[in-house]
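Chain by chain, the residues run as shown.
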Amino acid sequence: MLRLTDVSKSYEPGKRAVDGITLEVKAGEIFGFLGPNGAGKTTTIKMIVGILRPDEGRIEVNGHDLAKDPVAAKKQMGYVPDESNLWEKITGAEYLNFVADVYGVPGPERASRAKELLDIFEMTEAVSDPIGSYSRGMRQKIATIASLLHRPRLWILDEPMMGLDPRSSYLMKVMMRSHADQGGAVFFSTHVLEVAERLCDRVGIIHQGKLRVVGTVGEIKGLFAKKEDETLEEVFLKLTEVTLPKEQLESIAR
Ligand SMILES: Nc1ncnc2c1ncn2[C@@H]1O[C@H](COP(=O)(O)OP(=O)(O)OP(=O)(O)O)[C@@H](O)[C@H]1O
Ligand SMILES: [Mg+2]
């Protein structure tokens with residue numbers, strides 16, 4: 001469904017924000033992209049959805065090469081950015097209509113799909129209000145709804161739980177699972193390791209632009225955990241090394 005081959009990107013010469021990433025996400029799978037701040041997650045996601053162009057490497061979405069056939073590749077994807085800069089003055093409904101126009105979702109299908117998603121995310125009333133009046137979580141929800149209107153096969157989300165209340169965050173997880181179970185694929189970044197551990201079929205850990213490990217949480221723990229009860233968090237900290245010694249950090253934290 002999604003294949004990255006040796007993908008790299010620099011914002012400034014000699015410093016790779018993303019450095020030779022190769023990975024594959026299959027249909028039916030939820031893939032969690034983990035890594036510390038500045039690791040290269042958003043940069044990778046922006047390349048997948050076609051906002052940034054890779055310096056090197058190849059991205060294929062459902063068999064379509066993003067560089068050669070960008071329109072076909074982009075039609076396969078729905079994207080929820082980490083921060084949505086939506087227009088403030090238009091209403092949620094106007095925004096959804098605009099997005100449906102862009103993706104060419106026909107009228108009747110558009111109305112029923114929007115209704116279904118607005119109901120799920122409890123946005124039916126708010127959809128008539130201007131986006132400028134929305135809270136952070138409501139913006140996240142309308143962006144999420146917009147990303148699913150055209151029934152994309154590949155759903156890409158950059159830190160989707162951020163800013164959501166526990167109920168909405170639960171809903172988001174249910175939607176992600178159901179998307180994958182219906183034969184789609186989900187690729188999302190997160191800092192919440194417990195979510196990754198419970199929700200993802202596989203995860204990848206990126207650090208300083210390089211993919212350090214890919215696999216199921218069980219496989220990764222098997223490779224890197226010293227003790228049986230070691231959590232994904234402990235393995236994550238090991239793989240993305242905290243620079244200060246543990247004793248020093250503990251004395252600061254006291
Ligand atoms: N527009 C930009 N111009 C220059 N450098 C950038 C730009 N965007 C990101 N970077 C740099 O690229 C690297 C990767 O950033 P990126 O936003 O991909 O990280 P991230 O893994 O998404 O981090 P976070 O968890 O904080 O969201 C960082 O070193 C960052 O400073
Ligand atoms: Mg980011």
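Because the structure is predicted, anything quoted here is derived from the model rather than measured.

**Here's the deal with the overall build of the protein**
Looking only at helices and strands, the protein has 10 helices and 10 strands in total. A globule of 254 residues ought to have a C-alpha radius of gyration of about 18 Å, and the protein, at 19 Å, matches this closely. Taken over the C-alpha atoms alone, the protein extends approximately 60 × 45 × 35 Å along its principal axes. Across the 254 residues that make up the protein, the buried fraction comes to 37%. Long-range contacts, defined as pairs at least 24 residues apart, comprise 69% of the intrachain contacts of the protein with a sequence gap of at least 6.

**A look at the domain arrangement of the protein**
Taken domain by domain, the protein consists of domain 1 (2-76 + 152-253) and domain 2 (87-150). Placing a centre on the C-alpha atoms of domain 1 and another on those of domain 2 gives a separation of 26 Å. In this assembly, 7 residues from domain 1 lie in contact with 9 residues from domain 2.

**Thoughts on the environment of Leu237**
Its location among the elements puts Leu237 in helix H9 (residues 232-239). Along the sequence, Leu237 and Asp82 sit 155 residues apart, while their C-alpha atoms lie 23 Å from each other.

**Points about the nonpolar core**
With 66 residues, the main nonpolar core has Ile142, Ile145, Leu154, Ile156, Val186 and Phe187 as its most contacted residues. Counting contributing residues per domain, this core is built from domain 1 (2-76 + 152-253) and domain 2 (87-150), each supplying no fewer than three. Every residue in contact with Ile145, bar those within four places of it in the chain, is listed here: Leu96, Leu117, Leu118, Phe121 and Met123.

**Description of the site of ligand 1**
With respect to spatial proximity, the complete set of residues near ligand 1 consists of Tyr11, Ala17, Gly35, Asn37, Gly38, Ala39, Gly40, Lys41, Thr42 and Thr43. Counting residues per element, the shell around ligand 1 draws most heavily on helix H1 (residues 41-48), which supplies 3 residues. Of the residues in the shell around ligand 1, the class split is 3 nonpolar, 6 polar and 1 charged.

Each value, and the rule that gives it
- Residues numbered from 1 in each chain as written.
- Chains lettered and ligands numbered in written order.
- Predicted model: local features only at pLDDT ≥ 70, side-chain atom pairs only at ≥ 80, totals over all residues.
- Helix = DSSP H or I, 4+ residues; strand = E, 2+ residues; numbered from the N terminus.
- Rg over C-alpha atoms; globule rule 2.2 N^0.38 Å.
- Buried ≥ 20, exposed ≤ 12 C-beta atoms within 10 Å, placed from the backbone.
- Contact = placed C-beta atoms within 7 Å.
- Domains from an automatic or database assignment.
- Core = buried A, V, L, I, M, F, W, Y, C linked by C-beta atoms within 7 Å.
- Near = placed C-beta within 6 Å.
- Nonpolar A, V, L, I, M, F, W, Y, C, P; charged D, E, K, R; others polar.

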